[in-house]
Amino acid sequence: SLENSESDNVALLDLDPGMDMLLAGQPSLFQFKVGYYGHKKQAQTWLKVTSSDGKLLHESVLNLGLGEKNLEIPLTLSGGEQEVVASVKSDEFEWDNVLKRSYRVKDQLNLLVLHDIILESGFDNPGTWLKMALEDLKKTGEPDQAFKVNLELSLISNLTWKFIKDRDGIILLDVDNL
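Each chain has its residues counted from 1, following the order in which its sequence is written. Given that this is a predicted model, residues contribute local features only at a pLDDT of at least 70 and side-chain atom pairs are listed and counted only at 80 or more, while totals for whole chains, interfaces and linings are drawn from all residues. As a rule here, side-chain values cover all heavy atoms of the structure and leave hydrogens and water aside.

### A word on the overall build of the protein
Counting its regular elements, the protein contains 2 helices and 11 strands. Ordering the α and β elements of the protein from the N terminus gives β-β-β-β-β-β-β-β-β-α-β-α-β. We call a residue buried when its accessible area falls under 20% of the maximum for its residue type, exposed when it is over 50%, and partly exposed in between, using a 1.4 Å probe and counting protein chains only. Evaluated residue by residue, the protein yields a buried proportion of 39% over its 178 residues. By definition, residues are in contact when any of their heavy atoms lie within 4.5 Å. Long-range contacts, defined here as pairs at least 24 residues apart, represent 67% of the contacts in the protein between residues at least 6 apart. Only the protein chains shown count as cover for residues, and the accessible areas themselves come from Shrake-Rupley with a 1.4 Å probe. Only carbon and sulfur atoms are counted for the fraction: they give 50% of the accessible area of the protein, which is about 10700 Å². By the criteria applied, helices consist of DSSP H or I runs no shorter than four residues and strands consist of E runs no shorter than two, each listed in order from the N terminus.

Here it is in structure tokens:
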């Protein structure tokens, strides 16, 4: 069984991205839960993490003591539906050596900037500076992996449920009250 002290077993127990939204080309700190159960005080295994298309995302040697261990590993995924596959080297219990999880990775971030004043155009508009800052985010990943930022500026008077429902985030700019 999983926790049999007569055998040596390394088990992949859980894999969680630690956040609700994953963005293409941006590292996210994934939480891995790994357990070692056996008659030795410690064990060594090889952890390999790949994407659904077989791309190697992470590879390392793990030194584990008895019991469970939480690991934080940064992974960068491409946009769309992605499957993350974690595996450790074979042992007596094969069924817990591979763990697969599927995630939706956004390749587009839809942001809305709400303000309650009529803004100037060009560099007198704080939204222009915000757009420039968010444009730089696209340049941090590989060109085919980076997410796109869609930024729309609007007066607070346009605020309706339908107007904001498909947004990933809302930024309030000089808004005194809603």
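### Things to note about a nonpolar patch on the surface
What goes into a patch is any residue over 30% in relative accessible area without a salt bridge, connected to like charges within 9 Å or, for nonpolar side chains (Val, Leu, Ile, Met, Phe, Trp, Tyr), within 5 Å. For salt bridges, the criterion is a side-chain nitrogen of Lys or Arg within 4 Å of an Asp or Glu carboxyl oxygen. Together, Phe123, Trp129 and Met132 make up a nonpolar patch on the protein surface, roughly 350 Å² of accessible area in all. Relative to the assigned elements, Phe123 resides in the loop between strand 9 (108–115) and helix 1 (126–137).

### Brief notes about the environment of Asp174
Topologically, Asp174 is positioned in the segment after strand 11 (169–173). Between the C-alpha atom of Asp174 and that of His115, which follows or precedes it by 59 residues, the distance is 5.9 Å. Setting aside residues up to four positions removed in sequence, Asp174 forms contacts with Asp116 and Ile117.

### Quick look at the side chain of Asp96
For Asp96, the location among the structural elements is in the loop between strand 7 (80–88) and strand 8 (98–106). Within this scheme the basic residues Lys and Arg register as positive and the acidic residues Asp and Glu register as negative, but His and the chain ends are omitted. Nearest to the buried, unbridged Asp96 among oppositely charged side chains is Arg101, at 12 Å. Side chain to side chain, Asp96 and Asn9 meet in a polar contact 2.8 Å long. By the criterion applied in these results, polar contacts are pairs of N or O atoms within 3.5 Å in which, for protein atoms, one can donate a hydrogen and the other can accept it, and in which residues neighboring in sequence qualify only through two side-chain atoms.

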